[in-house]
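Residue-level listing of the chains:
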Amino acid sequence: MPDMLVKLYELEPVDYEAMEKEGIRIQRAFAPDKKAIMKFAEENFSPYGAMEVDKTFSNTPISTFIAVKDKKIVGFASYNATAPDFFGPTAVSDEMRGKGVGKALLLACLHALRSEGYYYAIVGGAGPVHFYEKCCGATVIPSSE
């Protein structure tokens, strides 16, 4: 899977209103959320992904966003976990896929990176290349596989 580059100065806004209409809240993680997010990450991504999420709780601010529906975590996205200026890991529960949750989480993280002074971000090991191209204009970094 290749790495991808995102121009952070050309991002569309996060459509929080559309998510709220679906009963989904996108928010930055808080320390008390850690145990539930780690469990979700392990079950919906991987044990290694959960370890990366764990690292984001030592960042200031915490560099993980979550999607919550009916008081239940239905998705997460992290940045500055693998390395500074990297997006990921991220996962959305099976029942919430295709509803814009992954895109909203991605954009929330990318806007956070921009507000922290970055102009570009790297999506490491981008599995769904088309998703990142479509959602944030990411481009494949040549010879990055």
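Described in the following lines is the structure provided in the data block.

Two measures describe an aromatic ring pair: the distance that separates the ring centres and the angle between the ring planes. If you walk through the whole model with that rule in mind, you get 4 aromatic pairs. Centroid distance Phe87 to Tyr132: 6.1 Å. Interplanar angle 70°. Geometry classified as edge-to-face. Pair noted here: Phe87 is in strand β5 (residues 86–92) and Tyr132 is in helix α5 (residues 129–136), with a separation of 45 residues, a long-range link. The class of Phe87 is buried, set by a relative accessible area of 4%. For Tyr132, a relative accessible area of 6% gives the class buried. The interplanar angle of 80° and the centroid separation of 5.1 Å between the aromatic rings of Phe131 and Tyr132 together place this pair among those described as edge-to-face. Each residue in the set Phe87, Phe131 and Tyr132 is aromatic and connected to the rest through ring pairs, giving one cluster. The ring centre of Tyr119 lies 4.2 Å from the NZ or CZ of Arg114, which sits over that ring.

At a minimum axis distance of 11 Å, the contact between helix α4 (residues 101–115) and α5 shows a crossing angle of 65°. Relative to α5, α4 is oriented so that their crossing is right-handed. Two secondary-structure elements touch here, α4 through Gly102, Lys103, Leu106, Leu107 and Leu110 and α5 through Phe131, Tyr132, Cys135 and Cys136. When its residues are assigned to classes, the contact of α4 with α5 shows 7 nonpolar, 1 polar and 1 charged.

A word on the sheet that holds strand β7 (residues 139–140). Strand pairing in a sheet is mediated by backbone hydrogen bonds. Such pairs are either parallel or antiparallel. In space, the 7 strands of this open sheet follow the order β2-β3-β4-β5-β6-β1-β7, with mixed pairing throughout. Two strands lie at the open edges of the sheet, namely β2 (24–28) and β7, each paired on one side alone. In terms of strand pairing, strand β1 (residues 4–7) meets β7 through 2 bridges, oriented antiparallel. Across the sheet, the residue bridging to Met4 is Val140, located in β7. Where helix α3 (residues 47–56) meets the sheet, its contacts fall on β3 (64–69), β4 (72–79) and β5, and the angle it forms with β4 comes to roughly 75°.

With that out of the way, let us pick up helix α2 (residues 34–44). Along α2, the positions that sit buried rather than exposed are Ile37, Phe40 and Ala41. Down the axis of α2, the smallest arc covering the buried residues is 100°, so these residues share one side. Facing away from the buried side of α2 by more than 90 degrees, the exposed set consists of Lys35, Lys39 and Glu43. Considering only its buried residues, α2 is in contact with α3, β3, β4 and β5.

What follows deals with α3. For α3, the complete set of buried residues consists of Gly49, Ala50, Val53 and Thr56. Looking down the long axis of α3, one finds its buried residues gathered within 100° of arc, a one-sided arrangement. Of the residues in α3, the exposed ones pointing more than 90 degrees away from the buried face are Tyr48 and Met51. Elements that come into contact with the buried residues of α3 comprise α2, β3, β4 and β5.

Basis of the calculations
Residues numbered from 1 in each chain as written. Predicted model: local features only at pLDDT ≥ 70, side-chain atom pairs only at ≥ 80, totals over all residues. Heavy atoms only, no water. Phe/Tyr/Trp six-rings, centres within 6.5 Å; stacked < 30°, edge-to-face > 60°. Helix = DSSP H or I, 4+ residues; strand = E, 2+ residues; numbered from the N terminus. Buried < 20%, exposed > 50% of the residue type's maximum accessible area, 1.4 Å probe, protein only. Lys NZ or Arg CZ within 6 Å of the ring centre and 35° of its normal. Axes fitted to C-alpha atoms, helices over the stretch in contact; angles between N-to-C directions. Left-handed = near helix turned anticlockwise from the far one by under 90°. Contact = heavy atoms within 4.5 Å. Nonpolar A, V, L, I, M, F, W, Y, C, P; charged D, E, K, R; others polar. Pairing = 2+ DSSP bridges. Arc of directions from axis to C-beta.

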